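# Secondary and tertiary structure notes
These are the residues of each chain, in order.
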Amino acid sequence: MNQGQSRRPQPDQASDELAIKYGDVFDVAGGLASKPIAPRDADTMLAAETQVLGKPLDTGAAALMYSAAAANVTTGVVGPDEGNEMVEREGVSVSRSRDARGKLFVNEAIADHTLCECRYNPYDVRGITLSPAPAPNIRDEQWKAPSSNPTPTPHMCAVDRSGGGITIGEALEATTLSIGDKPVDQGDAAAIRVAESRAASSWLSQQSGLGTRAQAAATFNERQVCDHNMITVSDVLSDSREKLPLDKAVTAEDAAGVRGVEQREKADMVATPGGVADTLETAARVNRDHMR
């Protein structure tokens, strides 16, 4: 391990029980299953995804790892700059391949432990849909991450206030006041993803952005039995203004787009009261009245 890198301290029994481990999130066994997911592990997987695919996957291994690592940092199980020695020693790999019909499959692994097998659907705005992948027969590219750590991308935030009023980032942050303790579900994740995209005036995913984290949180929560283990809206949306690389004032079109997506992801087709769609709609109304 390079000098200056943080090693994970030996946890006590209580903190170890709070830890989200690889075996809790992925179908893995052996030594890796008992390791808590750490932030630097997620950084390494993110670098591999970006190198092979050109962008991070919204529901790939890195997104799940980022969300779990954030929860582990919050509970004090790992530090914000820590990584697992096993991951750094064995490395991660991301490979993509196509079958005879041209469908793209992505495989992500740590050493010989497969974390995710994904099927690429170009008509899905999320880009990647988790599913069991059949064995591909045409290999396109494979990349193994080096043990050195990727350099974090500097955070830059630009806010377009040409129209004045409440921004999307401010509205998302305000959502934590109304439903902050609510576990993130697929409807919340979809609404956050679209809100972030509208803030950036683009459908492009942001590296380890709010949409990616929200989708990872929703996927993680679906696998949990107890609510106290779940990742909440506050965990994802706290300090939204700082996390959004681009921001803009909320418009009625933004609010309507977010509401439509959130409703489609809900079984009852009803947006969460006080949730992302409601908050953006209120912000849009305030902005409209302010302009008048």
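From a predicted model like this one, the values you see are computed outputs, not experimental measurements.

### Description of helix H6 (residues 168–179)
In this model H6 runs 17 Å from its N-terminal to its C-terminal C-alpha over twelve residues, within 8% of the 16 Å that 1.5 Å per residue would give. Listed in full, the buried residues belonging to H6 are Ile168, Gly169, Ala171, Leu172, Glu173, Thr175, Thr176 and Ile179.

### A closer look at the pattern of salt bridges
Taken as a whole and assessed by the stated rule, the structure comprises twelve salt bridges. With a closest N to O distance of 3.0 Å, Lys182 and Asp185 form a salt bridge. Relative accessible area serves as the criterion here: at 24%, Asp185 is assigned to the partly exposed category. Arg288 is paired through a salt bridge with Asp289; the nearest N and O atoms lie 3.6 Å apart. The partly exposed category is assigned to Arg288, whose relative accessible area is 42%. You can call Asp289 partly exposed: its relative accessible area is 43%. Bridged by salt links that share partners, the residues Lys182, Asp185, Asp188 and Lys266 form one connected network.

### Here we look at the nonpolar core
Counting 64 residues, the largest nonpolar core has Tyr22, Phe26, Met45, Met65, Leu115, Leu172 and Leu280 as the members making the most contacts within it. Looking at which element gives the most residues to this core, the answer is helix H4 (residues 61–74), with eight residues. For Leu172, the residues in contact, after removing those within four places along its chain, are Ala195, Leu210, Leu237, Ser240, Leu244, Val276 and Leu280.

### Topic: the pairing of strand S1 (residues 92–98)
Most of S1 is tucked away, with five of its seven residues classed as buried. Here S1 pairs with strand S2 (residues 104–110) via seven bridges, running antiparallel. If you follow Arg96 over to S2, its bridge partner there is Val106.

### Looking at the confidence of the model for the chain
Per-residue confidence for the chain gives a mean pLDDT of 76; residues scoring 70 or more make up 72%. Element-level mean pLDDT values for the chain span from 38 in strand S4 (residues 128–130) up to 94 in H6. In this model, residues 1–14 is a region of pLDDT below 50 whose contacts with residues beyond four sequence positions or in other chains number 21 contacts. The model gives residues 146–156 a pLDDT under 50, and that stretch makes 14 contacts with residues more than four places away or in other chains.

### Things to note about the environment of Ala19
Inspection of the secondary structure assignment puts Ala19 in the loop between helix H1 (13–18) and helix H2 (22–25). Ala19 sits in the buried class, given a relative accessible area of 5%. Sequence-distant contacts of Ala19, defined by excluding residues within four places in its chain, comprise Asp24, Pro36, Asn72 and Val77.

### Some words on the packing of helix H7 (residues 186–199) against helix H8 (residues 210–222)
Relative orientation and spacing of two packed helices are given, respectively, by the angle between their axes and the distance between those axes. Contact geometry of H7 with H8 gives a least axis separation of 8 Å together with a crossing angle of 175°. With respect to H8, the axis of H7 lies roughly antiparallel. Note on element contacts: H8 touches H7 through Leu210, Gly211, Ala214, Gln215, Ala218, Thr219 and Glu222, opposite Gln186, Ala189, Ile192, Arg193 and Glu196. Grouping the constituent residues of the contact of H7 with H8 by class yields five nonpolar, four polar and three charged.

### Re H7
For H7, with 14 residues, the first-to-last C-alpha span of 20 Å sits near the 20 Å given by 1.5 Å per residue. Taken across its 14 residues, H7 has 13 buried, putting it largely inside the fold. For H7, the side-chain oxygen to backbone nitrogen distance between the N-cap and Gly187 is 3.0 Å, and the N-cap itself is Asp185.

Criteria and cut-off values
- Residues numbered from 1 in each chain as written.
- Predicted model: local features only at pLDDT ≥ 70, side-chain atom pairs only at ≥ 80, totals over all residues.
- Heavy atoms only, no water.
- Helix = DSSP H or I, 4+ residues; strand = E, 2+ residues; numbered from the N terminus.
- Expected span 1.5 Å × (residues − 1).
- Buried < 20%, exposed > 50% of the residue type's maximum accessible area, 1.4 Å probe, protein only.
- Salt bridge = Lys/Arg side-chain N within 4 Å of Asp/Glu carboxyl O.
- Core = buried A, V, L, I, M, F, W, Y, C linked by side-chain atoms within 4.5 Å.
- Contact = heavy atoms within 4.5 Å.
- Pairing = 2+ DSSP bridges.
- pLDDT = per-residue confidence, 0-100.
- Axes fitted to C-alpha atoms, helices over the stretch in contact; angles between N-to-C directions.
- Parallel < 35°, antiparallel > 145°, perpendicular 65-115°, else oblique.
- Nonpolar A, V, L, I, M, F, W, Y, C, P; charged D, E, K, R; others polar.
- Polar contact = N/O pair within 3.5 Å; in protein donor to acceptor, adjacent residues only side chain to side chain.

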